[in-house]
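Listed here are the chains, written in short residue letters.
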Amino acid sequence: MFELISNLALGFSVAWTLNNLTFCLIGALLGTLIGVLPGIGPLATVAMLLPITFSLPADGALIMLAGIYYGAQYGGSTTSILLNVPGESSSVVTALDGHAMARQGRAGAALAIAAIGSFFAGCVATVGIAVVGPPLAGIAQQFGAAEYFSLMLFGLIGAVVLASGSVIKAVAMIVLGLLLGLVGQDVTSGAGRFTFGIPELSDGIGFVAVAMGLFGLAEIMTNLERARSVPEGQETVMPVHGLMPTKADLKTSRWPILRGTVIGSFLGILPGGGAVLASFSSYTLEKRIAKDPTRFGNGAIEGVAGPEAANNAAAQASFIPLLTLGIPSNPVMALMIGAMTIQGITPGPQVMVKQPALFWGMIASMWIGNLMLVIINLPLVGIWVQLLKVPYRFLFPAIIIFCAIGIYSLNNSPVDVLFTALFGVLGYLFVKLGFEPAPLLLGFILGPMMEENLRRALQISRGNLMTFVERPISLGLLIATAVLLAIVILPSVRKGREEAFQE
Amino acid sequence: MIKIRNQQDLAGGLFLMGIAALAMYFASDLSMGRLVRMGPGYLPTVLCWLLGFLGLIIALRGFTIDGPALQSWAWRPLFALTAGQILFASLLERAGLVAAIVATIAVSSMAAPNVRWVSTLLLGVVMSVLSTILFIWLLGLPLTIWPNFG
């Protein structure tokens, strides 16, 4: 207990500097600014804004990225409530009752409850990270190469099983991602792999180019395609009068927020869990235990409060596996790993031991960032509303220019811009063929780490593959992976899962 | 007569098999090594087989499980945005930031139907000014603003 307080105190002393507070504020603002744009979810937002953090010191960069992430999350909710255009799947649920409330002239109350719910959930989840982090990292420090390999395999498969869509196609995307991750000079032998004599490729394909192409560019392409059937201009933005929720609103929302927080905190830790699953589960639960379920979909405030708390708690909790094990539980966390690597930090349990200031500073900044979101975003909601009225045909070229300059500035290399274009085309192709690109990114980021651990494990065991099943932790993780795979392949479960995602 | 029941899966599976075959070809001159000391070609080869196998299953599913047909492609956004990026990459260092931005915006704007040239040009000017202030003056990126005729 005492250690927890002293750790948090260290964290606040790092986060509470003028520089880091500014980075946190800029991150939360920029994240909201981009995240509020219709059709751009947190993943695309983080991918687009990554380059601006790279010139910052490590703690500032990660604090800003975290701010961008939950800012984008919150911006997405604003768009769903006011415009009924969910930026990404975790806000789909918010749009159901949030937009219904906005149509009844209660947009302000919906926005305020979303902010309050998110803030509460964020506070709880932040303390959760501080409590669960150290023991988990302690366990992970005993991991050898074999355990790490199995853990990454478990993380990859888990992320696929819990996400929506066809499992076999997602597994194929992981394998393709792993393969792309191997491009570049082989660390051990120095041989160039798939480099085709292009010097820029010897360091591998830049992960920002992959992420920005697959998620940024491809998303804009599909948005434009969809926009052809929608009338131009966004006149349907709902007006916001008065932000204060009534006493009755607060009273009805109390328990849903609490339940959402609990659901989100647990699901966020699971690989692949994250915000989407959390908000869906919370909505389903609230609807099921409500006295009058027919109110849902017609502006029930519980349908905003619960899911919003759940998705913020999950977003926060997904930092737990990242910070303690070095394993991304969703694609946004995979981008965080990439950002850490660029800053010269190897994600994993040693971060907490070797750089406690960075670790605890980041956790403290999450809490500060959540507070900032509440105090800044509610008064600023008028600006976001104006932004929603800017026609898309002005927005997308501007976004594209910022992306291109950002990509170029990473290595001052035009080739990186070309790779973004290539991955944009690939991303569009995947959309057209019904493949989710997110697992590809996970595989791409984890590929080099998995290979390194696989090689090391086999070197230690003198080429004996049994090492993975002879070590108990590794065996346990492999069994868990097999069980997960078996579960989704069994027909009866598969049917239930499809129904769950239909809902 | 065999009926294709899921065009997306068939096409997707074939696409993955093609990538696997191509990657296998390019990995063929990398040394494999053995399990105890893997060469640079070991994992790529294993992954290519796996990818090809998964591609095959996905393609075969195209004959057994009903699914969506191939959708038409929106060529306009695809071409305009890709061309915009290529233009930006090739112009930036030779012609400077302003020319690259204006050209990229002009080409990318064609992604949306009915381009309005005046407002597009205006957007190009605004973005040039903003980017010059933000990226060159404030962030100090080593970019040139105007073409270098020297």
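What counts and how
- Residues numbered from 1 in each chain as written.
- Chains lettered and ligands numbered in written order.
- Predicted model: local features only at pLDDT ≥ 70, side-chain atom pairs only at ≥ 80, totals over all residues.
- Helix = DSSP H or I, 4+ residues; strand = E, 2+ residues; numbered from the N terminus.
- Rg over C-alpha atoms; globule rule 2.2 N^0.38 Å.
- Buried ≥ 20, exposed ≤ 12 C-beta atoms within 10 Å, placed from the backbone.
- Contact = placed C-beta atoms within 7 Å.
- Nonpolar A, V, L, I, M, F, W, Y, C, P; charged D, E, K, R; others polar.
- pLDDT = per-residue confidence, 0-100.
- Expected span 1.5 Å × (residues − 1).
- Axes fitted to C-alpha atoms, helices over the stretch in contact; angles between N-to-C directions.
- Left-handed = near helix turned anticlockwise from the far one by under 90°.
- Parallel < 35°, antiparallel > 145°, perpendicular 65-115°, else oblique.

### Here we look at the overall build of chain B
Reasoning step 1: Per the secondary structure count, chain B includes four helices and two strands.
Reasoning step 2: Along chain B, helices and strands appear, N-terminal first, in the series α-β-β-α-α-α.
Reasoning step 3: Taking 150 residues into account, the globule formula puts the C-alpha radius of gyration at 15 Å, and chain B, at 24 Å, lies well above it.
Reasoning step 4: If one aligns the C-alpha atoms of chain B with their principal axes, the spans along those axes are about 55 × 45 × 25 Å.

### Some words on the overall build of chain A
Reasoning step 1: Along the backbone of chain A there are 22 helices and two strands.
Reasoning step 2: The globule rule puts the C-alpha radius of gyration for 503 residues at 23 Å, and the 22 Å found for chain A is close to it.
Reasoning step 3: Seen through its principal axes, chain A has C-alpha atoms that stretch 70 × 55 × 50 Å.
Reasoning step 4: Counting only residues that meet the buried cut, chain A has 62% of its 503 residues in that class.
Reasoning step 5: In chain A, the proportion of contacts linking residues at least 24 apart, taken out of those at least 6 apart, comes to 81%.

### Some thoughts on the interface of chain A and chain B
Reasoning step 1: The partner chain B presents 55 residues to the 50 residues of chain A that form the contact.
Reasoning step 2: Considering only residue class, the side of chain A that touches chain B consists of 32 nonpolar, eight polar and ten charged.

### Here's the deal with the confidence of the model for chain A
Residue and element names in this part refer to chain A.
Reasoning step 1: Summarising the model, chain A shows a mean pLDDT of 83, and 92% of its residues fall at 70 or more.
Reasoning step 2: By mean pLDDT, helix H22 (residues 491-502) is the weakest element of chain A at 56, and helix H18 (residues 414-433) is the strongest at 93.
Reasoning step 3: In this model, residues 230-235 is a region of pLDDT below 50 whose contacts with residues beyond four sequence positions or in other chains number five contacts.

### A look at unusual backbone geometry
Residues and elements named next belong to chain A.
Reasoning step 1: The phi angle at Asn412 is positive, at roughly 50 degrees, despite the residue not being glycine.
Reasoning step 2: You can see Asn412 is positioned in the loop between helix H17 (392-411) and H18.
Reasoning step 3: Accessibility expressed as a C-beta count within 10 Å gives 12 for Asn412, which makes it exposed.
Reasoning step 4: In the Ramachandran plot, Arg462 falls in the positive-phi region, its phi being about 55 degrees despite a non-glycine side chain.
Reasoning step 5: By secondary structure assignment, the location of Arg462 is in the loop between helix H19 (438-460) and helix H20 (467-470).
Reasoning step 6: Looking at Arg462, the number of C-beta atoms within 10 Å reads 10, which means it is exposed.

### Describing helix H1 (residues 7-27) of chain B
Reasoning step 1: Here H1(B) contains 21 residues, and its C-alpha end-to-end distance of 30 Å stays within 8% of the 30 Å for a straight helix at 1.5 Å per residue.
Reasoning step 2: Along H1(B), the residues classified as buried are Gln8(B), Asp9(B), Leu10(B), Gly12(B), Gly13(B), Leu16(B), Ala20(B), Ala23(B) and Ala27(B).

### Let's talk about the confidence of the model for chain B
Reasoning step 1: Confidence in the prediction of chain B, expressed as mean pLDDT, is 87, and 98% of residues score 70 or more.
Reasoning step 2: Note on the complex model: pTM 0.85, ipTM 0.92.

### Observations concerning the packing of helix H4 (residues 58-83) of chain A against helix H16 (residues 356-389) of chain A
Residue and element names in this part refer to chain A.
Reasoning step 1: Across the interface, H4 lies against H16 with an axial gap of 8 Å and an inter-helix angle of 35 degrees. The way H4 lies across H16 gives a crossing that is right-handed.
Reasoning step 2: Split into classes, the residues belonging to the contact of H4 with H16 amount to 16 nonpolar, nine polar and one charged.

### A look at the environment of Ser128(B)
Residue and element names in this part refer to chain B.
Reasoning step 1: Among the structural elements, Ser128 can be located in helix H4 (residues 117-138).
Reasoning step 2: Placed 40 residues apart in sequence, Ser128 and Phe88 show a C-alpha to C-alpha distance of 13 Å.
Reasoning step 3: Non-local contacts of Ser128, meaning those with residues more than four positions away in its chain, are made with Leu97, Val98, Ile101 and Val102.

### As for the packing of helix H8 (residues 167-181) of chain A against H1(B)
Reasoning step 1: Running from N to C, H8(A) and H1(B) cross one another at 25 degrees; their axes reach a closest spacing of 12 Å. In this view, H8(A) runs roughly parallel relative to H1(B), as classed from their interaxial angle. H8(A) and H1(B) meet at a crossing whose hand is left-handed. Touching Lys169(A), Ala172(A), Leu176(A) and Leu179(A) of H8(A) are Gly12(B), Leu16(B), Ile19(B) and Ala23(B), all from H1(B).
Reasoning step 2: The residue inventory of the contact of H8(A) with H1(B), partitioned by class, reads six nonpolar, one polar and one charged.

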